[in-house]
Amino acid sequence: MDLTFSERETAFRDELRAWFTANDPGPEPSDDERAHYAWRRDFQRRLYAGGWAAPHWPVEYGGRGATLTESAIFFEELGRARAPLPANVLGLLLGGPTLMVWGTEEQKDRFLGPILSAEEIWCQGFSEPEAGSDLAALKTRAVRDGDGWVVTGQKVWTSGAQHARWCMLVARTDADAAKHKGLTYFLMDMEQPEVQVRPLRQITGGSEFNELFIEGARIPDEHVVGGVGNGWKVALTTLMNERAGLAFFLQVRMRGLLDDLIAEAAARGLLDDDVVADRLGALHVKAEILRLTAYRGLTAIEKYGQPGPEGSLTKWMWSEANQELAQLAVELLGPEALVAGSRWGYELLRARGNSIEGGTTEILKNIVAERVLGLPRVR
Ligand SMILES: Cc1cc2nc3c(=O)[nH]c(=O)nc-3n(C[C@H](O)[C@H](O)[C@H](O)COP(=O)(O)OP(=O)(O)OC[C@H]3O[C@@H](n4cnc5c(N)ncnc54)[C@H](O)[C@@H]3O)c2cc1C
C-alpha cells in the first residue's frame, strides 16, 4: 500500500497535532489508581468537547467519519502526544462499533452518545473461570422471565468493571443447542445489587480487572444485541474490533517507550557498547515492522469491510516486542529499575499480561496459521 499521506490526511494530522499541543494531557499520575482513571476520563471529556473522542465513528453517531488511514493517524498522534487511552476505550473501540453493526436504532440512540462523552463507561464480560480462549464454553446462563432475562454466573478478568455502567455480556440462553449456537449477547446494567464486582490484584500491585458475580441480574429484552441465539457472531465483531483498533495505539506507545530507553541508555554512555546498541537496534527494527504491518492490516479492512485475521499478527508481534523491551530496560538500568513503584519495573511486570489479554499468543498463532497462511486446522 502507498504510505504517503494525501493532502487531506496531512491536513487531518496537522489539525490533530495542533489540538494535542493546545490540550496537553499533563503528567500521568503514577501511583494512585483512582487519580489515574480520573485523568483518563477527564482527557476523554476534552477529546469529546473537541470532537475527537471517536474520529472513526460515522458523523451521524458523533464521530468524524474518518477514513481508516485517518483513524490510524489519530492513534499515532494520541501516542505521540503521550496522551492516555480514553477511559471508555472498550465502549469506543468495541461496544460502539458492535452496536453500529448489530444494534437496533433505539439501542444506537440510547447508548452511543454516553459512550462518546465518557458519561457511561463500558466493560467486556466475556471470559469466565473455565472459558477464556474457548469462549464458547461459557456457562453463565440467561433464562427468559416475562419480557426479560434473569442472568446467573461468574465472569473474570473484567477490565474496568469497577467504573462501568454497562457490560457487554455473552451468556448461554439455550443449553440444548450446539456450543456456539446457544449464546446471546446482552447489555447488562452493572448498577443492580445482583451484580457484584470484586477487584483482582495484579502482579503490578494494581487492580485493572475484576471478578463479576452475577446472581439473578435482570436484563430487559430491549438490551439483547443482534437477536437471541446469535451471540457468537456478535461477540466475534467485538473481538475483531479489539485487535484491529488497538494496533496503532500500541505500536506508537511501544515506540515512545523505546525512544525513552534509548535516551536513558545514551545518557549513561551505554550506546558505546556494541551489544547494547545491537539489541536496541533490533527493537527499533521490530517497532518499524510493527508499524508497517499495522498499516497493512488497513488493506484487509478496506477489502473485507471489517477487520480481518491479520489483526492477530500485530497483536502477537507487539506483545513479544513489548515484553522484550521491558526486559532489556531492566537489564540495562539494573536494580534501580526494579525498585517498587519505578516506571520500568511497572512496565516489566505489566508486560507479562500482554501475551494473554485480547487473545493469547498461542491462539493468535492458530488464527494466523489457519486463516492467514491457510495451514490445516488444529483438531
Ligand atoms: C490484562 C488483562 C485484561 C483482560 N481483560 C478482559 C476483559 O476486560 N474482559 C474479558 O472478558 N476478558 C479479559 N481478559 C481475559 C483474557 O481474554 C483471557 O485471559 C484470555 O482469553 C485467555 O483465557 P484464559 O485466561 O482462560 O486462559 P486459557 O484459555 O485457559 O488458556 C490457558 C493456556 O492454554 C493455551 N491454550 C488454550 N487453548 C489453546 C489452543 N486451542 N491451542 C493452543 N494453546 C491453547 C493458552 O494460550 C494459555 O497459554 C483479560 C486478561 C488480561 C491478562
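Undergrad: Run through the overall build of the protein chain, naming residues and quoting values.
TA: Helix and strand counts for the protein chain come out as 10 helices and 8 strands. Here the C-alpha coordinates of the protein chain stretch approximately 70 × 50 × 45 Å along the principal axes. For the protein chain, the residues scored as buried account for 51% of the 379 residues in total. Restricting the contact set of the protein chain to residue pairs at least 6 apart, pairs at least 24 apart contribute 72%.

Undergrad: I'd love a proper account of the nonpolar core, names of residues and values included.
TA: Among the nonpolar cores identified, the biggest contains 76 residues, and Phe20, Trp57, Leu78, Tyr185 and Leu261 are the most heavily contacted of them. When residues of this core are assigned to their parent elements, the largest contribution, 12 residues, is made by helix 6 (residues 231–267). With residues up to four places along the chain from it excluded, the contact list for Leu78 reads Phe20, Phe43, Ala83, Pro84, Leu85, Pro86 and Phe249. Counting 22 residues, the second largest nonpolar core, distinct from the first, contains Cys123, Cys167, Val195 and Leu212.

Undergrad: Report on the site of the ligand, specifying residues and quantitative values.
TA: The immediate surroundings of the ligand are formed by 17 residues, with Ser133, Trp157, Ser159, Thr360 and Glu362 found nearest. A distance of 3.0 Å separates an oxygen atom of the ligand from a polar atom in the backbone of Phe126. Interatomic distance of 2.6 Å between a side-chain N/O atom of Glu362 and an oxygen atom of the ligand. Per-element tally for the shell around the ligand: the top contributor is helix 10 (residues 361–372), with 3 residues. In the shell around the ligand, the residues fall into 5 nonpolar, 9 polar and 3 charged.

Undergrad: Break down a negative patch on the surface for me, citing the residues and quoting the values.
TA: Together, Asp272, Asp273, Asp274 and Asp278 make up a region of like negative charge exposed at the surface. Examined against the element boundaries, Asp272 turns out to sit in the loop between helix 6 and helix 7 (274–304).

Undergrad: How would you sum up the pattern of salt bridges? Please name residues and give values.
TA: In the structure shown here, the tally under the stated rule is 27 salt bridges. Arg253 is the salt-bridge partner of Glu347, the closest N and O atoms lying 2.8 Å from each other. Within this pair, whereas Glu347 is found in helix 9 (residues 343–351), its partner Arg253 is found in helix 6, the two being separated by 94 residues in sequence. In this structure, Glu336 and Arg268 form a salt bridge, with 3.2 Å as the shortest nitrogen-oxygen distance. You can see Glu336 sitting in the loop between helix 8 (311–333) and helix 9 and its partner Arg268 sitting in the loop between helix 6 and helix 7, a full 68 residues away along the chain. Several salt bridges share partner residues, and in doing so they unite Arg110, Glu120, Arg165, Asp189 and Glu191 into one network.

Undergrad: Give me the environment of Met100: which residues, what numbers.
TA: For Met100, the position within the fold is in helix 4 (residues 89–102). Sequence separation of Met100 and Glu76 is 24 residues, and the distance between their C-alpha atoms is 24 Å.

Undergrad: Explain a nonpolar patch on the surface residue by residue, including any values.
TA: Residues Val372, Leu373 and Leu375 make up a contiguous nonpolar surface patch of roughly 270 Å² in combined accessible area. Along the chain, Leu375 falls in the segment after helix 10. Overall, Leu375 belongs to the partly exposed group, its relative accessible area being 44%.

Rules used in this analysis
- Residues numbered from 1 in each chain as written.
- Predicted model: local features only at pLDDT ≥ 70, side-chain atom pairs only at ≥ 80, totals over all residues.
- Heavy atoms only, no water.
- Helix = DSSP H or I, 4+ residues; strand = E, 2+ residues; numbered from the N terminus.
- Buried < 20%, exposed > 50% of the residue type's maximum accessible area, 1.4 Å probe, protein only.
- Contact = heavy atoms within 4.5 Å.
- Core = buried A, V, L, I, M, F, W, Y, C linked by side-chain atoms within 4.5 Å.
- Near = heavy atom within 4 Å.
- Polar contact = N/O pair within 3.5 Å; in protein donor to acceptor, adjacent residues only side chain to side chain.
- Nonpolar A, V, L, I, M, F, W, Y, C, P; charged D, E, K, R; others polar.
- Patch = residues over 30% accessible without salt bridge, like charges linked within 9 Å, V, L, I, M, F, W, Y side chains within 5 Å.
- Areas by Shrake-Rupley, 256 points an atom, 1.4 Å probe, with all protein chains shown as cover.
- Salt bridge = Lys/Arg side-chain N within 4 Å of Asp/Glu carboxyl O.
- Lys, Arg positive; Asp, Glu negative; His and termini not counted.
- Charge placed at Lys NZ, Arg CZ, Asp CG, Glu CD.

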